[in-house]
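# An overview of the molecular structure
Here's the letter readout for the chains.
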Amino acid sequence: LPQDPMDFEWSYWIEWGRERILWLLAGHLLVSQMSWLLVEKYKPWCLMVYGMAACWLLLGIKGFAVILLHAAISFAVAQFQLSLLTWLCSLILLSTLRIPALEETKRKWYDTENEYYLLLFTVSVRCLFCTSFSLEYCWHAPTQKSSHSFPWMLAYVFYYPTFHNGPLLNFDEFSKQMRRQEAFSVKTNLSILIVGIIRIFFWWCLAELMIHLMYIHALYSSALPLESASYWALGGLALAQVLFFYVKYLVLYGVPGLLLQMDGLKPPALPCCVSLMHSFTKMWRSFDVGLHRFLVRYIYVPMGGSQASLLGTLLSTALTFAFVSYWHGGQSYLWYWGALNWLGVVVENGTKRILSISLIQDLI
């Protein structure tokens, strides 16, 4: 049966994966295992050089220069060790992705829209990595200077498995795990690789079946079937869409997650099945675990989080969702999406607080 082409994200990454990215990931795996076996001490730098070469190959010299420039500016601003200044720099760099004149200039660098979009997606994800490193630099003690140097920033920013689409791994986790010395075991790594490939292949087959049989996204792109459908049918379509989104990210995060394991790193947990979730809070905690850790560590907790007053907690949560909406593109529908998620989280936590009152507990 013909494929439903209306899910842009799946079609886009599968096409890039088949053409180049899977081959470059295989090259990363080979370099990683060889450097672990032969020059373990220099493994981070071998992977850094490989990531830079892969970036140059896919995005060209100009795309490579943009990412290097973002990293250099972030590192220079981090020298002041002011978190607010670091955040201001990160937001300004992120905003450059939405300046029409710059967009047109970058489009002219490439022959196709797909190549330009690859630069756009890559730079937006790299902005989070630069922000993570810069904030950790602001907070680090003088004794940790060697592990927060510019070469370490480049090793983190150009780490290839997470380069284009994540998942997000905070710098403190990356540096600790990458510097940890572990014995190389061919047998262990081979078993991890084989099991991982079988699981990812199963998820990919399932996603392809959904794309070829269910036509969820094609139905959503036409108003007529939606207007004529019952509420039960609309609910079923909504559930089918989020289930496909879940399976899709098992593949998109499963591949880099497997390579992280092969490198001796612990990847963020893969998304939890949406059918097991009944709350906004759990959805945000367990679907994109890497993004959740980033938001909690660098926005929610520094702004006071759950330890602040009621107003402070509401503000911390609102700023967190505001950043998520802005980072995803900042279009009006994303602000509505962020606001509704913020409202869902606030209502859930407010209900929990009310239910924890002893008088209410006695009534229950």
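Residues numbered from 1 in each chain as written. Predicted model: local features only at pLDDT ≥ 70, side-chain atom pairs only at ≥ 80, totals over all residues. Heavy atoms only, no water.

## Concerning helix α13 (residues 289–300)
Among the residues making up α13, those that are buried are Val 289, Gly 290, Leu 291, Phe 294, Leu 295, Tyr 298 and Ile 299. Residues of α13 that are buried sit in contact with α3 (83–95), α5 (113–139), α7 (171–179), α12 (280–286) and α14 (310–327). (Buried < 20%, exposed > 50% of the residue type's maximum accessible area, 1.4 Å probe, protein only. Helix = DSSP H or I, 4+ residues; strand = E, 2+ residues; numbered from the N terminus. Contact = heavy atoms within 4.5 Å.)

## Regarding the side chain of Asn 189
Within the secondary structure, Asn 189 is located in helix α8 (residues 186–213). Looking at Asn 189, its side chain comes within polar contact range of the side chain of Gln 33, at 2.6 Å. Residues within four places of Asn 189 in sequence aside, it is in contact with Gln 33, Trp 36, Phe 184 and Met 262. (Polar contact = N/O pair within 3.5 Å; in protein donor to acceptor, adjacent residues only side chain to side chain.)

## Digging into the UniProt feature "transmembrane region" (unreviewed entry) in the protein chain
Annotation from UniProt places "transmembrane region" (unreviewed entry) at residues 20–39, 46–69, 75–95, 116–135, 150–169, 190–211, 231–252 and 308–327. The straight-line gap between the two end C-alpha atoms of residues 46–69 is 21 Å; of that span, 100% is helix and 0% is strand. Spanning residues 190–211, this segment combines 100% helix with 0% strand, and its end C-alpha atoms are found 31 Å apart. (UniProt positions renumbered as here; feature names shortened; annotations may be inferred.)

## Details of a nonpolar patch on the surface
A cluster of nonpolar side chains, contributed by Leu 1, Phe 202, Leu 206, Leu 209, Leu 213 and Met 214, occupies part of the molecular surface with about 630 Å² of accessible area. Along the chain, Phe 202 turns up in helix α8. The exposure class assigned to Phe 202 is exposed, which follows from its relative accessible area of 53%. (Patch = residues over 30% accessible without salt bridge, like charges linked within 9 Å, V, L, I, M, F, W, Y side chains within 5 Å. Areas by Shrake-Rupley, 256 points an atom, 1.4 Å probe, with all protein chains shown as cover. Salt bridge = Lys/Arg side-chain N within 4 Å of Asp/Glu carboxyl O.)

## Topic: the nonpolar core
Counting 91 residues, the largest nonpolar core has Leu 59, Phe 158, Phe 174 and Phe 323 as its most contacted members. Counting residues per element, this core draws most heavily on helix α11 (residues 231–262), at 15 residues. A domain split of this core shows at least three residues from each of domain 1 (8–180) and domain 2 (269–363). Among residues more than four places away in sequence, those in contact with Phe 158 are Leu 47, Met 48, Gly 51, Met 52, Cys 55, Phe 64, Ile 67, Leu 68 and Phe 163. (Core = buried A, V, L, I, M, F, W, Y, C linked by side-chain atoms within 4.5 Å. Domains from an automatic or database assignment.)

## Section: the domain arrangement of the protein chain
Domain boundaries in the protein chain define domain 1 (8–180) and domain 2 (269–363). On the domain 2 side, the residues contacting the 18 residues of domain 1 number 13 residues. Buried area between domain 1 and domain 2, summed over both chains or domains, comes out near 1,400 Å², and the portion from carbon and sulfur atoms is 63%. Summed over the three residues of domain 1 that lose the most area to domain 2, namely Trp 87, Arg 98 and Leu 128, the buried surface amounts to 36% of that side. At the surface where domain 1 touches domain 2, the tally comes to three salt bridges. For Asp 172, the salt bridge identified is with Arg 297, shortest N-O distance 3.8 Å. Counting every contact that joins domain 1 to domain 2 gives eight residue pairs in polar contact (both at pLDDT 80 or more). (Buried area = accessible area lost by both parts, 1.4 Å probe.)

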